[in-house]
Every structure is written in C-alpha cells, then in structure tokens.
Amino acid sequence: MSNNSALFSVLSYGWFQALIFALSEINADQSILPNVTLGFLVYDTCLMLEHSLQSTLQMLTGQETAVVNYQCGRGPAVSAILGDVISTYSIAMARLLGLYRHPQISYASSSPTLSNKQMFPSFFRTVPSDDTQAQLLAELLLHSMKSVRFKNKIGEEMYFDEHGNPPSIYSVINWQIKPDGSIHSVKVGTFDDRLPKGQKLSINISAIQWNLPGTEVPRSVCSDSCPSGFWKAAQKGQPSCCFNCNPCSEGEISNETDSISCWACPSELWPDWTRTMCIPKRIEYLSYQEPLGATLTSVASLSSFSTAVILFVFLRNSDTAIVKANNRELTYLLLGSLILSFLCSFLFIGVPQKLTCLFRQSAFGIIFVLCVSCVLAKTIMVVIAFNATKPNSLMKRWLGPSVPVVTISVGTLGQVLLCAVWLVLCPPFQEKNMKLKTGAIIFQCNECSEAALWSMLGYLGFLACVSFLVAFVARTLPDSFNEAKWITFSMLVFLSVWMSFIPAYLSTQGKYMVAVEVFAIISSSAGLLICIFFPKCYIILLRPEKNTREYILGRRNIKKK
C-alpha cells in the first residue's frame, strides 16, 4: 500500500485474498493442474497510472529499478499479468506489453457468451523469457484447463470450456423494500449453465416482491397476443407492443398467432366461422331435396296430373252437350298446353344444365303464349257463335275452324320468332356466380339478354290483356254459349299473378328468384284450369242432368225472355 493512497480499499484487498485462496486451492489439488505449481507477485498501483506502468516494467526486468529492454531476473518466468480494475490503466499496460510481443492468453471470465479476448483483452499477458517458451506455456495452461473437471469443497462441479471459461452460474436477485424503508437484496432464483436444457433457470415466483400492489405478476406487454383469425393493428402514438386485435375481414383468414395481416381465400373457398382456414363454399340452387324445391315439385306434379284427369274426363264425354258447346278441339288443345305449362316448371328446378338453361325460358314463353292464344280463340268463338244465331248474320261464315287456327298460329308464331332471335343472338348459358352471395356459389342460368327476357314476357302480357278485354266485353252473353265470364276471371287471375311476379322477381336473388318464377308459372296455370274447367267438370261429373242440349237451349230461351 503506497503512502500516496488516501484510502484503504477493502474491495481490492478482498480480491487479493481471493487470488491467494484460489492459487492455494489449485496447488493443493494435483488433479487440477498436474505437475504445475503457481505463485504470485502483487504490485499496488495506488490508483495511479505512473505506478501501473512502473510495476509492469518491474515484472518485465525483474528489478526494482527498471532497465528497459534488459532482464536480469533469475526466478521462474511470469505466466500471466492481471491488469488493474480501472480500464484506463489496463489499456496502458497492454500497449506497453505489446511492444515486447508478448501473446493476447484467455482469462477465465464469468460471461457465458463472451471470451476473455472479447471482454478483457488487456488484463492478462504472458511474460516468458522468450517467444518459444511463452507459446509452450500458454498451450500447456490452456490444455490443462480444458481437461480439468473436479468438485469443490461444497460439492459443485467445476470445469472449463474450450475458451478456458468456467460454467456460468448466476443468482437472481430481487431488491425488496422493507417496512422501515430499507432495501434488501433477496435471492429468488438461480441460473446454472451446468444443468440440462430447460432446467438451467429456476425462479421462486412467490418470493418476488413486485413494484406493484399485490402478488400478481405484472404484464410485460401492453397488449395480449392476437389469436388466429385476427390481425395486429398498431395503436397510433403507442409503442410497437401496443396494438389492437382486429378480426379478419369477410373472405379473409389468418392461421397464425400475432399475424400482421390477413389474406383472402381462393375464389371457390370461404373462411370457416373462426376465420382460421378456408373451406369450400356451399353450393346453392333450387334443388328437389330442399323443402322449397320439394314443395314446388309436388304442387307442379299434382297440378299436371289433375289437368290430365280433366282432359280424360272431357275425352270420355266428348259427345255431351257441354263439351260440344265449348269447342272440343280448342278445349283439348288448351288442356294439353296447361299440362305442358305445369311440367315446364321442372326445367327450373334442380342443378342448372346446359340444355335446360338454353331452352327453359323459351319453352315457358311459347307454351304460355299457346295457352293464352287458345283462351283468346275460345273467347272469339263465343262472340262469333252468339252473333251467328241472329237472323241474316254474316258471322256464320266464321264458325268453321279457320278462326281458331289463325288466332293460335299467329299468336304463337310471334313468340316463337322472339325466342328464336334470342337463342341465335345471345343464348342463355350455365354459370357459377361467386359474387352474388357471400360464402356461397350460386349455380344459375344466365339469361344473357335481359331485354330478350322482358320482350318475351311483354309479348305474353300483351296477349293476356287482349284476351281479358275480349272476354270482359263478352261476359254478358247467354250462358249456353258463354265461357266469357269464366275466361274473364281466369285472365284476371293470370294478369294479377304476373303483375305481382315482376317486383318479386326483381327483388330476389339466386334460388329464390327461380322459385318466384316457378310459383308464377304454377299459380297462373292453375288459375286458368280452375276458372275455365272446374265449373264444366262439376256439371259433367255431378250434375249430368244439366249436360243436355235441351237444358242448355232452355236456359238460353229463358234468358231471352
């Protein structure tokens, strides 16, 4: 201790005693460094740079009064030099030792990641009598340290790695404030690099005193992790650990924790309810298996069968007065057309196919125009038949089949031409609509031309209006020849259905649009069947006494009187 030092350093003295103890323990146990005995020489720097350099030269020359570039010491060679704890002094010592080309051996640091060369490059230098001896001594020391493995007096296993570093053993210390305000360091855990992976760190959570009220472990992040199906949205003006977990948008998923974005599913797939995986979209069309499709199918089948039964009844009673009075040929044609109109409903139900998409609207339009043309022809024939009974009437020449044939042919031909132009210029086709409804693929028929569709429906509506007006004018004719009253009712039902169809059709999508059209087809056909033919079937089947020419003529005479 120099007289220049103002204070006695207890810490430095403790390091000195630790060095003496360590060297004594190593020398006492021959299993650590066999055939090697370590000694020491200590110089006090007195916390002065001048003393640090002077002590270094003394170790190099072996004299109290240093002679530069001259060594006169006869004792054993110096193996290592431990520098001052103050880095400024140690750096100066390292530069001085570097002039004599003394090699940079490792110091046993306690760092588990950095070697002595990285942490303390100037603390130790080998100082041999020549370069060869220095190299041999350094290699001997390192080799000996690598092979050392022993247990100390308290049972801890000691060894050194390839860099000469001992195992990393740390204590986890928690600063705790006592009731009197004093601060104590309390050991709450350890880190032992010698233990297997996963067991190196051990902490007693219950022994920790947090800087918060209570014993709950404080949160180390601002926000919890975002689960799959969500994405992290940064909070403005907050650190990166502060974020909001937003659910993925419709049609997107995320399948990892703390995802910074979501990504869209392929066009034919759709997220599941958790939005963590893409699943096939459901296929939607008006099928026979679902309740709506099954109901429409049943009603259409029952209606077509009922129409066929009525046709059979009229054929079986073709020679009776009421069947003859209502123009048998037109009646048979109208009943056959109604059967086809009910059956064309099946073109709209089920998986849309190429042929059904191509012909279903045209078939519906032509069949319905044929029905309405038959109704118009029957109404015209009622008017002609009534006027032909008047004396000197010129209407008798029109009582033949030419008027119904011309009326039906002209009316139907117009619709056929419209549909033919539609099919040639812009034919309907099958398509999978993936944009109409979220999460579903709509199997549907694309009509290709909305103008063509509404032109076809407009032509049908025009003929229905003409039939209604003619029947309304002829509604007061005698009952014996008069179907006009029932035709008026049937056309009123027909027009009401299709007028309601337009807004309903335009306000629906997918399979419900198809269901609306099928319902309109069935209900309008049923209106014609019920209003025109049920009264006649009632007389034929239940009141046969009225199905005579005399009864019909008698009622007409009563009306005239």
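Okay, so let's go over this structure.

Here is what the cut-offs are and how they apply
Residues numbered from 1 in each chain as written. Predicted model: local features only at pLDDT ≥ 70, side-chain atom pairs only at ≥ 80, totals over all residues. Heavy atoms only, no water. Pairing = 2+ DSSP bridges. Helix = DSSP H or I, 4+ residues; strand = E, 2+ residues; numbered from the N terminus. Contact = heavy atoms within 4.5 Å. Buried < 20%, exposed > 50% of the residue type's maximum accessible area, 1.4 Å probe, protein only. Axes fitted to C-alpha atoms, helices over the stretch in contact; angles between N-to-C directions. Expected span 1.5 Å × (residues − 1). Phe/Tyr/Trp six-rings, centres within 6.5 Å; stacked < 30°, edge-to-face > 60°. Lys NZ or Arg CZ within 6 Å of the ring centre and 35° of its normal. Core = buried A, V, L, I, M, F, W, Y, C linked by side-chain atoms within 4.5 Å. Patch = residues over 30% accessible without salt bridge, like charges linked within 9 Å, V, L, I, M, F, W, Y side chains within 5 Å. Areas by Shrake-Rupley, 256 points an atom, 1.4 Å probe, with all protein chains shown as cover. Salt bridge = Lys/Arg side-chain N within 4 Å of Asp/Glu carboxyl O.

Thoughts on the pairing of strand E3 (residues 169–177)
Of the strand pairs in this sheet, E3 and strand E4 (residues 183–192) are connected by nine bridges, and their pairing is antiparallel. The partner of Val 172 across the bridge, within E4, is Gly 189.

Section: the environment of Gly 293
Structurally, the position occupied by Gly 293 is in helix H6 (residues 291–316). Through-space distance from the C-alpha of Gly 293 to that of Lys 511 is 9.3 Å; in sequence the pair is 218 residues apart. Excluding residues within four positions of it along the chain, Gly 293 makes contact with Leu 286, Ser 287, Tyr 288 and Ile 349.

Some points on the side chain of Ser 524
As for its position among the elements, Ser 524 is in helix H13 (residues 511–542). You can call Ser 524 buried: its relative accessible area is 0%. Contact partners of Ser 524, with chain neighbours within four places excluded, come to Phe 368, Phe 494, Val 497 and Trp 498.

A few points about the sheet that holds strand E12 (residues 282–284)
Hydrogen bonds between backbone atoms are what pair the strands of a sheet, whose relative direction is either parallel or antiparallel. Ordered by their spatial adjacency, three strands build an open sheet running E12-E14-E13, and the pairing between neighbours is mixed. Pairing within the sheet leaves two strands with one partner each, and these edge strands are E12 and strand E13 (429–433). Averaged over all pairs of adjacent strands, the angle between strand axes in this sheet comes to 25 degrees, irrespective of strand direction.

Remarks on helix H8 (residues 328–343)
A rise of 1.5 Å per residue sets the reference length of H8, with its 16 residues, at 22 Å; its end C-alpha atoms lie 23 Å apart and thus fit the reference within 8%. For H8, the full list of buried residues reads Leu 330, Thr 331, Leu 334, Leu 335, Ser 337, Leu 338, Ile 339, Ser 341 and Phe 342.

Topic: the sheet that holds strand E5 (residues 201–203)
Ordered by their spatial adjacency, three strands build an open sheet running E3-E4-E5, and the pairing between neighbours is antiparallel. Every interior strand has two partners, whereas the edge strands, E3 and E5, have only one. Averaged over all neighbouring strand pairs, the angle between strand axes comes to 30 degrees, with direction disregarded.

Quick notes on the packing of aromatic side chains
Summed over the entire model, instances satisfying the criterion amount to 15 aromatic pairs. The rings of Phe 364, Phe 368, Trp 454, Phe 494, Trp 498, Phe 501 and Tyr 505 are connected pair by pair, giving a single aromatic cluster. Of note, Lys 232 hangs over the ring of Phe 243, and the distance from its end group to the ring centre comes to 4.7 Å.

Quick look at the nonpolar core
Ranked by internal contacts, the top residues of the largest apolar core, which has 66 residues, are Phe 364, Phe 494, Trp 498 and Phe 533. Elements with a contribution of two residues or more to this core: H6, helix H7 (321–325), H8, helix H9 (354–388), helix H10 (402–425), helix H11 (450–473), helix H12 (484–506) and H13. Counting residues per element, this core draws most heavily on H13, at 14 residues. With sequence-adjacent residues up to four places away left out, Trp 498 is seen in contact with Phe 364, Phe 368, Leu 457, Ala 520, Ile 521 and Ser 524. By size, the runner-up hydrophobic cluster in this structure holds five residues, among which are Met 59, Leu 60, Ile 81 and Met 93.

Describing the pairing of E4
Residues in a regular strand point their side chains to alternate faces of the sheet. Between E3 and E4, which pair antiparallel in sequence order, lie five residues; one of them, Gly 181, sits at a positive phi of approximately 95 degrees. Strand direction decides the pairing type here: E4 and E5, joined by three bridges, are antiparallel. Each bridged residue has a counterpart across the sheet, and for Phe 191 the counterpart in E5 is Leu 201.

Some thoughts on unusual backbone geometry
Backbone geometry places Asp 258, a non-glycine residue, at a positive phi of 55 degrees. Within the secondary structure layout, Asp 258 lies in the loop between strand E8 (252–253) and strand E9 (263–264). Judged by relative accessible area, which is 27%, Asp 258 ranks as partly exposed. The phi torsion at Cys 448 lies on the positive side, around 70 degrees, for a residue other than glycine. If you trace the backbone, Cys 448 turns up in the loop between strand E14 (440–446) and H11. Its relative accessible area of 33% is what places Cys 448 among the partly exposed residues.

Focus: H10
Over its 24 residues, H10 runs 34 Å from end to end, which matches the ideal 34 Å to within 8%, given 1.5 Å per residue. Those residues of H10 lying buried are Val 403, Pro 404, Thr 407, Ile 408, Gly 411, Thr 412, Gln 415, Cys 419 and Trp 422.

Observations concerning a nonpolar patch on the surface
Taken together, Ile 173, Trp 175, Ile 177 and Ile 183 make up a surface patch of nonpolar side chains, about 480 Å² in accessible area. Take the nonpolar patch: its biggest share by element is three residues, from E3.

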